[in-house]
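# Structure at a glance
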Amino acid sequence: ERRSQFCGISWGDANSKCGQWCPSGEDTDCPGGMGCFGNTECYYSEDLVPTQTPVRVTEAPVTRAPIAYGDAANTRFCGVSWGMASAECSIESSCPSGESDECPEGQTCH
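Residues numbered from 1 in each chain as written. Predicted model: local features only at pLDDT ≥ 70, side-chain atom pairs only at ≥ 80, totals over all residues. Heavy atoms only, no water.

The next point concerns unusual backbone geometry. Most peptide bonds take the trans configuration, and most residues that are not glycine carry a negative phi. Phi angles above zero are rare outside glycine, and Cys18 is one such case at about 50 degrees. Topologically, Cys18 is positioned in the loop between α1 (11–17) and β2 (35–37). The class for Cys18 is partly exposed, based on a relative accessible area of 34%. (Helix = DSSP H or I, 4+ residues; strand = E, 2+ residues; numbered from the N terminus. Buried < 20%, exposed > 50% of the residue type's maximum accessible area, 1.4 Å probe, protein only.)

Following this line, the structure appears as structure tokens:
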């Protein structure tokens, strides 16, 4: 997200000061030998303008955070039984949280 790119002498400095925004992501946006650092907790919003009329918010697709290959969450799958979950395991049938509410109706997480 380019709106979280800020200048600093280090990522920690940029993240804690939230000083100058560097929209291009290039160090040339920054003064005095500072660098441009991305993925800070800062957010530049000074140029945002509210809309005249309300905007309908649509639900965006949810993307799961990456899971390490060896994580136990990679071994949990939905199925009507453990055997089915094991035989038909795929990314589509995964339930990394271990909660059955991630599964289609009639299936549980194994």
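Glancing now at the packing of aromatic side chains. One pass over the full model with this rule turns up one aromatic pair. Seen in terms of ring centroids, Trp21 and Tyr44 are 4.0 Å apart; in terms of plane orientation they differ by 10 degrees. Their pairing is stacked. Of the two residues, Trp21 sits in the loop between α1 and β2 while Tyr44 sits in the loop between β2 and β3 (78–79), which places them 23 residues apart along the sequence. A single burial state applies to Trp21 and to Tyr44, both of which are buried. (Phe/Tyr/Trp six-rings, centres within 6.5 Å; stacked < 30°, edge-to-face > 60°.)

Below, the discussion takes up the pattern of salt bridges. This structure, assessed with the given rule, holds two salt bridges. Of the charged contacts in the structure, one is a salt bridge between Asp47 and Arg3, with a shortest N-O distance of 2.8 Å. Residue Asp47 is found in the loop between β2 and β3, and its partner Arg3 is found in the segment before β1 (6–8); the two are separated by 44 residues along the sequence. Overall, Arg3 belongs to the buried group, its relative accessible area being 13%. (Salt bridge = Lys/Arg side-chain N within 4 Å of Asp/Glu carboxyl O.)

Moving on: the state of the cysteines. As enumerated under the stated definition, the model contains five disulfides in all. Paired through a disulfide, Cys7 and Cys30 show a sulfur-sulfur distance of 2.1 Å. Of note, the bridge from Cys7 to Cys30 carries an S-S torsion of about -85 degrees and is left-handed in sense. With Cys7 in strand β1 and Cys30 in the loop between α1 and β2, this residue pair connects regions lying 23 residues apart in the sequence. (Disulfide = S-S within 2.5 Å.)

Right, let's get into the confidence of the model for the chain. On average, residues of the chain score 87 in pLDDT, and 95% of them are at 70 or above. Per-residue pLDDT, averaged within each element of the chain, yields its smallest value for helix α2 (residues 82–87) (89) and its largest for β1 (96). (pLDDT = per-residue confidence, 0-100.)

Attention now moves to the side chain of Arg3. A distance of 2.9 Å separates the side chain of Arg3 from the backbone oxygen of Tyr44, its partner in a polar contact. Only 2.8 Å separates the side chain of Arg3 from the side chain of Asp47, close enough to count as a polar contact. Non-local contacts of Arg3, meaning those with residues more than four positions away in its chain, are made with Trp21, Cys42, Tyr43, Tyr44, Ser45, Asp47 and Leu48. (Polar contact = N/O pair within 3.5 Å; in protein donor to acceptor, adjacent residues only side chain to side chain. Contact = heavy atoms within 4.5 Å.)

As a further point, take the nonpolar core. Listed in full, the five residues of the largest apolar core are Phe6, Ala14, Trp21, Cys42 and Tyr44. Once residues lying within four places of it in the same chain are set aside, the contact partners of Ala14 are Phe6, Cys7, Gly8, Phe37, Thr40 and Cys42. (Core = buried A, V, L, I, M, F, W, Y, C linked by side-chain atoms within 4.5 Å.)

Overall, the relative accessible area of 12% leaves Cys30 in the buried class. Considered as a pair, Cys30 and Phe6 are 24 residues apart in the sequence and their alpha carbons are 8.3 Å apart. Excluding its chain neighbours within four sequence positions, the residues that come into contact with Cys30 are Cys7, Cys22, Gly35 and Cys36.

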